[in-house]
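Listed here are the chains, written in short residue letters.
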Amino acid sequence: NDSVTIAVQLEPPNLDPTGGAAQAIDTVMYHNVFEGLTRFESDGAVVPSLAQSWDISEDGLTYTFHLAAGVMFHDGTAMDSADVVFSLDRARAEDSTNAQKALFESIASVEAVDPLTVKVTLSQPNGSFLFNMAWGDAVIVAEESIADIATNPIGTGAYKFSDWAQGDKIELTRNDDYWGEAPAIETATFRFISDPTAAFAAVMAEDVDAFAGFPAPENLPQFDADPRFTVLRGNTEGETILAMNNKMPPFDDVLVREAVSHAIDRQAIIDGALYGIGTPIGTHFAPHNPDYVDLTANSNYDPEKARALLAEAGFEDGFTTTLKLPPPSYARRGGEIIAAQLRDVGIEAEISNLEWAQWLEEVFNGKDFGLSIVSHTEPMDISIYANPDYYFQYDNPDFQAIMTELEATADPAARSALLAQAQTMISEDYVNGYLFELAYPTVVKAELQGMWENQPTASVDVTALSWAE
Amino acid sequence: MKGLWIGIVLTVVFLALALVSFVWTPFNIEAFDIPNKLKSPNVTNWLGTDQYGRDILSMIMMGARTSIAVALLAVGIGMAIGVPLGLWAAARRGSLLDELIMRGNDLIFAFPSLVIAILITAVFGAGAINAIIAIGIFNIPVFARLTRGAALSLWERDFILAARVSGKSAFRISWEHIFPNILNLMIVQGTIQFSLGILAEAALSYIGLGAQPPTASWGRMLADAQTLVSFAPHTALMPGGAIVLMVMGLNLMGDGLRDVLDPRIRVDRT
Amino acid sequence: MIRYVFGRLLSLVISLIVASVVIFVVIEIAPGDPASFMLGLNAQPETVAALRAELGLDVSKVERYFTWVTGMLSGDFGTSYTYRSPISELIADRVVVSLPLAIYALILSTVIAFPAGIYAASRRGGVGDMSVMGATQLGVAIPNFWFAMIMVLIFAINLRWFSAGGFPGWDKGFFGGIKALTLPAISLALPQAAILARVMRSSLLDMLGEDFIRSARAKGLSQRQALWKHAVRNALIPVLTIIGLQFSFLLAGGIIIEQVFFLPGLGRLIFQAISARDLIVVESVVMLLVFVVIVVNFAVDIAYAAVDPRLRTKT
Amino acid sequence: MTLLSLQDLSITINGKPILHDVSFDIRAGEIVAVTGESGSGKSMTALGIMGLLPRGATATGQIDLDGVDILRTEEAALCKMRGNDVGMIFQEPMTALNPVQTIGDQVAETILVHRAAPKAEAMTRAAEMLERVGLPNDRFPLSRYPHELSGGQRQRVVIAMAIALRPKLLIADEPTTALDVTTQATILDLLRDLVDEFGMGLLMITHDLAVVANMADRIVVMQHGHLVEQGATDDLLRNMHHPYTKALFAASGHKVSLPTNSHSAPFLSVQNVTRDYRTPRKTLFGKPGTFRAVNNVSFELNKGDRLGLVGESGCGKSTLTRAILGLEPVQSGTITLNDAPVFSGKKPNADVRRKMQVVFQDPYGSFNPRHRVDRLISEPFHLLDTPPTGAARSDAITKALTDVGLTPADATKYIHEFSGGQRQRIAIARALITDPELIVFDEAVSALDVSVRAQVLDLMAKLCRERPLSYLFISHDLSVVRTITDRVLVMKSGEIVEQGATEDVFQNPKHPYTQTLLEAAPTLPDDQATR
Ligand SMILES: Nc1ncnc2c1ncn2[C@@H]1O[C@H](COP(=O)(O)OP(=O)(O)OP(=O)(O)O)[C@@H](O)[C@H]1O
Ligand SMILES: Nc1ncnc2c1ncn2[C@@H]1O[C@H](COP(=O)(O)OP(=O)(O)OP(=O)(O)O)[C@@H](O)[C@H]1O
Ligand SMILES: [Mg+2]
Ligand SMILES: [Mg+2]
Ligand code: NI
């Protein structure tokens, strides 16, 4: 048996990882069809990919990448330095539609030295440049096939795109001309099942071999109890926060934000909304990261204190605000529980459930909200706090200075110290309510091996899969 | 006859549940009690508890309120707009106005109702009010058509001619003579639309476009329960049962009323 | 007859034009920008602007309306914003699921409803009638998505007779496709069958009270012969209306059922497109559905004429 | 030879007695007419013979049809008899045929259900039968649908269906009530011919005593489910025993005496009135066609005139009425009342309108069932600028009710609490309440039983004596028009073909149409005797 059927919740809108933000694109395409210069491993480590090795200049401004030899795109054309130049230039161009354009901001120029060597010059040192190049948005594409990339993706990966029944499934087949190690699985089918009932039914009925990102944590115990299945409870880079509008009264008052933070019972939310899976966080940082500082004590559950703080801030009788929720169930369910908890200390949060497009328009772009719940799934994204225009509108020059310094720092120890400082600062400023690190439950057939447990980036890495004998 | 009584009893029970919920429910559904979640029916929580430890009986009582309010208001919209339009079209039968009203009706009918309801809630936001509007819009042509049809046949009757001989205007005739005579029909259809409204509200809430939390709603209870049904079936059976019983009650009442109210009209005629 | 058809045709065209305007206006006022949806949380404003330009969202609405309508006339629905593929292809892929599902459900519902309705009418007031009517009361009252949920639980999870959902594609064999559509079709059909059976019964009972049934009986036809030879065809007229309405409902109304069974049908396409603000897809699919409904109604009107000779000469 | 014999037939429906001990016989080749007022059980008797009683009916006694006891025969055997041994024709030709089957199929079906012939032959025989009833195949092919035929033609199809297998007994339940006089005459002729030709027994139900007298060999009179009297026609007409029979025949030839009209000033003037109805367009963009319902009609009505208007169904009588009442505009011509036009410009003239009132045909449809009598009859007050209120209003209501022979207490009742005759009185009270100068009676007594009709006619005569009343009396019943009007207009296809003093027209009809009309109208024999 050398085929697998893997279910995931969301269908990619298109298949171009460099042209949209949808995680679902990476879930299917990352490392399977498209490869970048570097890539993430399942533990989050950044390792060589199309670039077999690289040299970094003394001043940290020049990166010379040595590309793997004999790499072919699926259409049979060779992958060489020209493709790298094309890909990086395209991503940072004026009219680029790359959703993570900021990843490429520090690049000053990209040159092909010879067919297998590329030199990237930065405008300023960037400690996370290799990390940035591992993102799905930085994969290498070819100019010849770029026009149809959204529907007919041509990459260098171990799998070729073969078919897409829109609304239902995508099929990948093994690329026999793959330059690297040949994977075990011959064909992989991705099915898209967003309805939790359907998800449960599909796994139970063994219609699928694995469900990555199982949508209904309440059903996990049933799979635990069933010898046919293994349940992986992995983590993601998703810091789930109760976002507060720092520029909008009353959340412009740190006392109010502190009160809100103390009014929230994280464990109740994790138990109620996620049936116990999820790690509490006290700041905007992934707990599995070595640089993580546990600051949950700053905002322990203490409704008495929350009431006292509200009184101190002049809201003895509480206040009314909005709680705008995007579609994922962590937000919808968590929102209901948080609203009940806030009601307990006198804050009336009126829930409105929005779709993503609406949420983006109203909350993210319009900044028209009091509270919101959302998971920030990009890896290492604490830097968003340095942007005063970011939707929660935290504007602290001290924090911005730390981030600027971090950008320019390459020394690991110094970086750790700066990151700890940053984590503590936002925690003590109670910028947002820090809830939990979003977990990533995966249900697999007991015989299927190699599923990624964690999600350092959105990906179902088929190359790692194999069936036990 | 038996059906009518079963229908009335069911309807009254749910109306009573809804009304009582304004002053009392067995438990406060706003207080979450997560450690106590997903309890099967027992002596404390007669119908068990849901995924947040809330009492399902209390939720169903509060949900009855939502369902009834949404469906009733939606029927109200349909009647308040549809009946006058139908009367107007019938009074001007054959005119351009009549044609416009009827084609407009056909057009509304041509739109897939659920899709439009989803669109409306997508455009104006999910919530009870928009659910009412979305369901209400599709009640308009139902009542307009029915009214026009019934009114047209009444316009043929001699007593309308007598009223015209007495110099009454079409407006006045519609109000004094046509409207009271189609009232029964409207009550019967209203009951049926009411039950359809409850189903529609449940469907909208089920896909998350109905009343928003913390307002309780049967459809959302079902949506919440759908992943739980395999190990806590009561969470799906209770609200589902409530919907079925309420809708059945209303339908039985509608059918019964038709049997009771209709022959009177016929007896008068023959 | 020709005149009748022409008259209906004209009103059909006018309806379509009005519908297209209504759809466009309603959908265009929806808040939410497809470009910023696609680019997510970290996108920069100029990136969004670039994408808007690429998608053709930066021209005036009136212009977009005309591009859309004229495109549709030539069979070109445009290109989906998010899928980046021609909408006509998207629709074609989905129609091969939704249409068979609707037809399957309609056939099921008719096959169940006709005998049930006729049986109940012929046993009027008897035990058979009471039980059929009781069952239909239940059928009408059960929300179809709930019914679907329970069926999945029983037939897919516990008994494992059917797969829980999804659609293998017709290229994997006709039988597989039909099997995948069976549970969804049943969940869609049963409530519809209940309605249809009720209409069939009451319309038959109306007919049985008609004078011409008495004439037929006077000729020597038995109750049953009179029912079959004279009442059924006449009773078909209201039933046809309901079937017409149901077909359109089934085509679009499968939306929730498609969700429950994760079928790649039109309903789910709309649902996804609405949340992704893929406006042009929403517009085109809704337009298509409206078109189908109007055409089906037109067909029903023509079918009336086939059933009822009085209409052939009238108007 | 006795073909049908009823002995002590009693029928109850859901416990309610409908027929009591009815017994009579029919011989082959004999026409027996059953008559009596509405609801007396005539139709139930017929349905009993067919074995087609409604649900919930139980019958006792004995019905012997050609040696078979219907009440004790299996349904399957009854099915074999129906259509074969006994056929039936119903009153309403418009609904008695299946609208979605061709007439050929429907006639042939009688033959086919009894397996009397294969399909092709059945069709030929159906064609013969249709030919026999006066629907020649070249003009009425078998493929016609019922809606393509007129009422009389449909009734012929129904007859063809009933006699396709030449049953021994034919039952006709009010076969001509829905038809106009000329058509009625041809259908009756047809039935009589068929009886002679096939030697059938014919059980004919009718409330029209003139028809009874002319057609029947024997008469059966029923009242309240009892058979009150029966006998050979001549015998029975000459010496009736039962008071009900006497009353029935007396009422049928009822005459009233009108006071003479002393006025002669022209009052209502109708000049060259034409009324067109729009018919649907013939082509998609073509002009809508027109149908001329009233064509260039002119006449005058003097103060105190009692003018009759007769003509067959559909000739435009009601259309003309509506124009006179100012309910619909006319396409050309003028209608004036005391020289004031009823329709000025686009709007009806309120001043003129309040001088006119109307009484309609259907005593059941002309009242809003949801209003009480006081509200119903005071509705015309709406025409007045200052309608009476309070005591004045109730006085007016009381007076109107007493004038028509009802009691003031009736004011608070609903209309369904009254019989047809009483309702027609209420309709007259409504017409009288504003003291109009002209009342239009549109078939005001056509729907009433003979005895009730007599009472209403008496009431009208009484009112004429009490007050100066002018009216336009529309009817297709010539005998009524003859007694209740001074002058008469004869209308045909939208035109007035003859007018004059009533007696003159009836004695010496000039126009051929009037002549056929008068000839076709059945008359009671003693009618001629008294004349
Ligand atoms: N289906 C029925 N159920 C109950 N009562 C009925 C039914 N049909 C007729 N009747 C009653 O039976 C009585 C006799 O009715 P029938 O139809 O025989 O009268 P009829 O003499 O034919 O009157 P008409 O001249 O009006 O036709 C009436 O009082 C009528 O109300
Ligand atoms: N609204 C209408 N539109 C078109 N044609 C009409 C309309 N009303 C009546 N007609 C036609 O006009 C003609 C005269 O109708 P009208 O009702 O005046 O006849 P009538 O003499 O009163 O007949 P009846 O004795 O049956 O009451 C008929 O042929 C009828 O079909
Ligand atoms: Mg009768
Ligand atoms: Mg008339
Ligand atoms: Ni008696």
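As named in an unreviewed UniProt entry, chain C is Peptide/nickel transport system permease protein, taken from Yoonia ponticola. The heading Sequence similarities (unreviewed entry) in the UniProt record of chain C holds the text "Belongs to the binding-protein-dependent transport system permease family." Taken directly from UniProt, the Subcellular location (unreviewed entry) text for chain C runs: "Cell membrane".

An unreviewed UniProt entry lists chain B under the name Peptide/nickel transport system permease protein, with Yoonia ponticola as the source organism.

(A) Focus on the sheet that holds strand β7 (residues 117–122) of chain A. All names here are of chain A. Spatially, four strands are ordered β4-β5-β7-β6 in an open sheet, and the strand pairing comes out antiparallel. Each of the sheet's edge strands pairs with one partner strand only, and the pair in question is β4 (51–56) and β6 (107–114). Mean inter-strand twist for the sheet, computed between neighbouring axes without regard to direction, equals 20°. Judged from the six bridges that link them, β6 and β7 form a sheet pairing that is antiparallel. Directly across from Glu 111, in β7, lies its bridge partner Lys 119. Contacting β5 (62–67), β6 and β7, helix α2 (residues 81–92) runs over the sheet at an angle of about 165° to β6.

(B) Focus on the site of ligand 1. Residues and elements named next belong to chain D. Around ligand 1 sit Ile 13, Lys 16, Ile 18, Ser 38, Gly 39, Ser 40, Gly 41, Lys 42, Ser 43, Met 44, Pro 54 and Glu 174, and those are all the residues in its vicinity. Here Gly 39 contributes a backbone N or O atom positioned 2.7 Å from an oxygen atom of ligand 1. For ligand 1, an oxygen atom lies 3.2 Å from a polar atom in the backbone of Ser 40. In the complex, 63% of the free accessible area of ligand 1, which totals 640 Å², lies under the protein chains. Listing elements by their share of the shell around ligand 1, those giving two or more residues are β2 (16–27) and α1 (42–50). In terms of residue count, α1 provides more of the shell around ligand 1 than any other element does, three residues in total.

(C) Just the interface of chain C and chain A, in detail. Counting residues at the interface gives 45 residues for chain C and 52 residues for chain A. Regarding the contact of chain C and chain A, the summed buried area is about 3,700 Å², with carbon and sulfur atoms giving 53% of it. Counting the contacts that link chain C with chain A gives zero salt bridges. At the boundary of chain C with chain A, the tally comes to zero residue pairs in polar contact (both at pLDDT 80 or more). Looking at the side of chain C that touches chain A, the elements with two or more residues in it are α2 (34–39), α3 (45–55), α5 (87–122), α7 (144–158), α10 (223–260) and α11 (266–275) of chain C. Tallying contributions element by element places α3 of chain C first for the side of chain C that touches chain A, with five residues. Classifying every residue of the side of chain C that touches chain A gives 21 nonpolar, 14 polar and 10 charged.

About the thresholds
Residues numbered from 1 in each chain as written. Chains lettered and ligands numbered in written order. Predicted model: local features only at pLDDT ≥ 70, side-chain atom pairs only at ≥ 80, totals over all residues. Heavy atoms only, no water. UniProt positions renumbered as here; feature names shortened; annotations may be inferred. Pairing = 2+ DSSP bridges. Helix = DSSP H or I, 4+ residues; strand = E, 2+ residues; numbered from the N terminus. Axes fitted to C-alpha atoms, helices over the stretch in contact; angles between N-to-C directions. Contact = heavy atoms within 4.5 Å. Near = heavy atom within 4 Å. Polar contact = N/O pair within 3.5 Å; in protein donor to acceptor, adjacent residues only side chain to side chain. Areas by Shrake-Rupley, 256 points an atom, 1.4 Å probe, with all protein chains shown as cover. Buried area = accessible area lost by both parts, 1.4 Å probe. Salt bridge = Lys/Arg side-chain N within 4 Å of Asp/Glu carboxyl O. Nonpolar A, V, L, I, M, F, W, Y, C, P; charged D, E, K, R; others polar.

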